[in-house]
Amino acid sequence: MTMSRRGNDMTIKEAIEKMLDVYKLRRKFDETSLLSAWPELMGSAIANRTKQIYIRDRKLFVKVESSVIKNELLLMRSQIIGRMNEHVGQVVIEDLVVL
């Protein structure tokens, strides 16, 4: 028995992607995905010192407890933005604000 896809069949992933686009939920979904991926993308040393993280108006706001970590994040600003956008496959973050 072979399984074939008919012309209008789509995978669950494709259906979810389409639904996110149709209902304009894509950006919120991507933002939530980025926030939950922060420890994986930045490593536990930075994630453990992150007090608060949120996204507003395409800006990633990160509050950290250490001035050393704050300076490190500022120096890596463009790499962090690139890494975050690459994770979701499109531009969701345009700037990084370290608090």
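Residues numbered from 1 in each chain as written. Predicted model: local features only at pLDDT ≥ 70, side-chain atom pairs only at ≥ 80, totals over all residues. Heavy atoms only, no water.

**Student:** Honestly, the pattern of salt bridges in this entry has me stumped. Any pointers?
**Tutor:** Pairing is possible between side chains of opposite charge, provided their charged atoms come close. Counted under the stated rule, the structure contains nine salt bridges. Where salt bridges share partners, they join Lys 13, Glu 17, Asp 21, Arg 26 and Asp 30 into one cluster. (Salt bridge = Lys/Arg side-chain N within 4 Å of Asp/Glu carboxyl O.)

**Student:** Looking at this structure, I do not really get the sheet that holds strand E3 (residues 95–98). What am I missing?
**Tutor:** The strand order across the open sheet formed by three strands is E1-E2-E3, and the pairing between neighbours is mixed. Of all strands in the sheet, those bounded by a partner on one side alone are strand E1 (50–56) and E3. Averaged over all pairs of adjacent strands, the angle between strand axes in this sheet comes to 15°, irrespective of strand direction. Of the pairings in the sheet, the one linking E1 to strand E2 (residues 59–64) comprises six bridges and is antiparallel in character. Looking at the pairing, Thr 50 lines up with Val 64 of E2. (Pairing = 2+ DSSP bridges. Helix = DSSP H or I, 4+ residues; strand = E, 2+ residues; numbered from the N terminus. Axes fitted to C-alpha atoms, helices over the stretch in contact; angles between N-to-C directions.)

**Student:** Before we go on, may I ask you to explain helix H5 (residues 77–88) in this structure?
**Tutor:** One turn of the α-helix equals 3.6 residues, which is why residues spaced by three or four share an orientation. Here H5 contains twelve residues, and its C-alpha end-to-end distance of 17 Å stays within 8% of the 16 Å for a straight helix at 1.5 Å per residue. Burial in H5 covers these residues: Ile 80, Ile 81, Met 84, Asn 85 and Val 88. Buried residues of H5 fall within an arc of 125° about the axis and therefore sit on the same side. Looking at H5, the residues exposed on the side facing more than 90 degrees away from the buried face are Ser 78 and Glu 86. Turning to H5, the residues buried within the fold contact helix H2 (26–42), E2, helix H4 (67–75) and E3. Of the residues flanking the end of H5, it is Gly 89, one or two places downstream, whose phi is positive at about 80°. (Expected span 1.5 Å × (residues − 1). Buried < 20%, exposed > 50% of the residue type's maximum accessible area, 1.4 Å probe, protein only. Arc of directions from axis to C-beta. Contact = heavy atoms within 4.5 Å.)

**Student:** Quick question: what am I supposed to make of the side chain of Asn 85 here?
**Tutor:** Its place among the elements puts Asn 85 in helix H5. Given a relative accessible area of 10%, Asn 85 falls into the buried group.

**Student:** In this structure, what is going on with the packing of aromatic side chains? I would like to understand it.
**Tutor:** The relation between two aromatic rings is expressed through the spacing of the ring centres and the mutual angle of the planes. Counting across every chain of the model gives one aromatic pair. Centroid distance Tyr 54 to Phe 61: 4.9 Å. Interplanar angle 10°. Geometry classified as stacked. On the accessibility criterion, Tyr 54 (22% relative accessible area) is partly exposed. (Phe/Tyr/Trp six-rings, centres within 6.5 Å; stacked < 30°, edge-to-face > 60°.)

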